[in-house]
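# What the coordinates show
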Amino acid sequence: MKEQILNLLPGDHPWQNQIYWYDSTDSTNNLAKVAAQTGAPHGTVIFADHQTGGRGRMGRRFHSPAGCGIYMSLLLRPNCPATELMHLTCAAAVTACDAVEVATGMRPGIKWTNDLVHNRRKLGGILTELSVDASTGNVEYAIIGIGINCCQTSVDFPEEIRSFAGSLTMVTGKMTNRAKLAAALICAFSSLRLSEKSRILETYRRDCVTIGKEISLVQGDDLRHGHAFGVDNSGALLVRFPDGHTEAVHSGEVSVRGMYGYL
Ligand code: BTN
């Protein structure tokens with residue numbers, strides 16, 4: 001697979017000597033973290049065909065069977081204060097959508113914060129992990145972990161997620177070329193300019209299916225309902241609650257009414 005990916009990249013791609021493909025691992029984000037701590041360079045890309053402990057947001061598991069998906073972690077060393085990277089998760093979602101569109105012709109929507117979705121089904125997710133130097137506030141490294149369901153049919157998903165999980169093949173009706181998607185992801189992320197904040201956020205707001213919807217928000221034991229009316233420049237979801245007050249929501253689990261069978 002690695003050879004196929006390399007053959008699909010331009011010959012002089014700056015990351016071509018730092019792309020790794022593993023048959024199986026617990027989590028590519030864990031491998032990327034070890035690589036980061038042992039000095040691996042910006043733009044190190046780690047793929048696995050199979051993850052035994054694929055991790056999602058909110059401590060969830062990301063089902064990662066062999067031969068079916070793209071499980072990739074990208075190590076970035078942005079060399080700036082963490083406060084300048086508030087839009088990183090938005091940037092990762094937009095960039096992953098760009099790559100899916102290049103590889104398949106179909107552009108997913110984004111469910112806040114960064115689930116890739118289409119027609120009420122989750123096609124993939126992104127788990128971003130940052131290491132920040134506590135004394136300076138600078139980012140030591142960022143790991144962007146991307147999981148995309150490529151070739152599954154509905155029965156390939158565990159029963160508990162079957163009603164709301166989908167794959168690129170289920171959406172397009174065609175076989176998904178995983179090497180092509182992997183190469184598209186590498187090209188899209190290597191061209192990402194985090195300094196282009198307003199362009200990134202404009203595209204994010206356009207693609208975000210949560211904006212304009214009635215949502216439920218779970219934060220710890222607290223469940224509230226509201227109307228999502230925007231995303232601010234830090235990537236927070238702007239929510240209006242029934243009593244009229246508004247909040248910028250930075251974390252929590254948001255369900256969109258009518259999506260994924262929630263609500
Ligand atoms: C989510 O759905 O909440 C995020 C899922 C992120 C999964 C990817 S797969 C590659 C990388 N390794 C992991 O353990 N997680 C991410």
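Above this text sits the structure in question.
The structure displayed is predicted, hence computed values, not measured ones.

### Some points on the nonpolar core
By size, the foremost hydrophobic cluster in this structure holds 64 residues, and its most contacted members are Phe 47, Leu 185 and Phe 189. The dominant element in this core, judged by the number of residues it contributes, is helix α3 (residues 88-104), at eleven residues. Excluding its chain neighbours within four sequence positions, the residues that come into contact with Phe 47 are Ile 5, Ile 19, Tyr 20, Trp 21, Tyr 22, Thr 28, Ile 70, Tyr 71, Met 72, Ala 182 and Ile 186. Listed in part, the eight residues of the second largest apolar core include Ala 36, Ala 40, Ile 46 and Leu 75.

### Remarks on the site of the ligand
Contacts to the ligand come from 19 residues, most closely from Ser 27, Gln 51, Arg 55, Arg 57 and Lys 122. Within the side chain of Gln 51, one N or O atom sits 2.9 Å away from a nitrogen atom of the ligand. In this structure, an oxygen atom belonging to the ligand sits 2.7 Å away from a main-chain N or O atom of Arg 55. When the ligand is considered free in solution it has 410 Å² of accessible area, and contact with the protein chains removes 97% of it. For the shell around the ligand, the elements supplying multiple residues, two or more each, are α2 (28-37), β3 (69-76), β6 (121-132) and β7 (139-149). Broken down by element, the residue count for the shell around the ligand peaks at four residues, all from β6.

### Regarding the pattern of salt bridges
Considering all chains together, one arrives at 14 salt bridges under this definition. A salt bridge links Arg 107 to Asp 207; the nearest nitrogen and oxygen atoms lie 2.8 Å apart. In this pair, Arg 107 is assigned in the loop between α3 and β4 (109-111) and Asp 207 in helix α7 (residues 197-207), connecting sequence segments 100 residues apart. Across the pair, exposure class does not vary: Arg 107 and Asp 207 are buried alike. Each of the salt bridges in this network shares a partner with another, and the network as a whole consists of Asp 98, Glu 101, Arg 107, Arg 206 and Asp 207.

What counts and how
- Residues numbered from 1 in each chain as written.
- Predicted model: local features only at pLDDT ≥ 70, side-chain atom pairs only at ≥ 80, totals over all residues.
- Heavy atoms only, no water.
- Core = buried A, V, L, I, M, F, W, Y, C linked by side-chain atoms within 4.5 Å.
- Buried < 20%, exposed > 50% of the residue type's maximum accessible area, 1.4 Å probe, protein only.
- Helix = DSSP H or I, 4+ residues; strand = E, 2+ residues; numbered from the N terminus.
- Contact = heavy atoms within 4.5 Å.
- Near = heavy atom within 4 Å.
- Polar contact = N/O pair within 3.5 Å; in protein donor to acceptor, adjacent residues only side chain to side chain.
- Areas by Shrake-Rupley, 256 points an atom, 1.4 Å probe, with all protein chains shown as cover.
- Salt bridge = Lys/Arg side-chain N within 4 Å of Asp/Glu carboxyl O.

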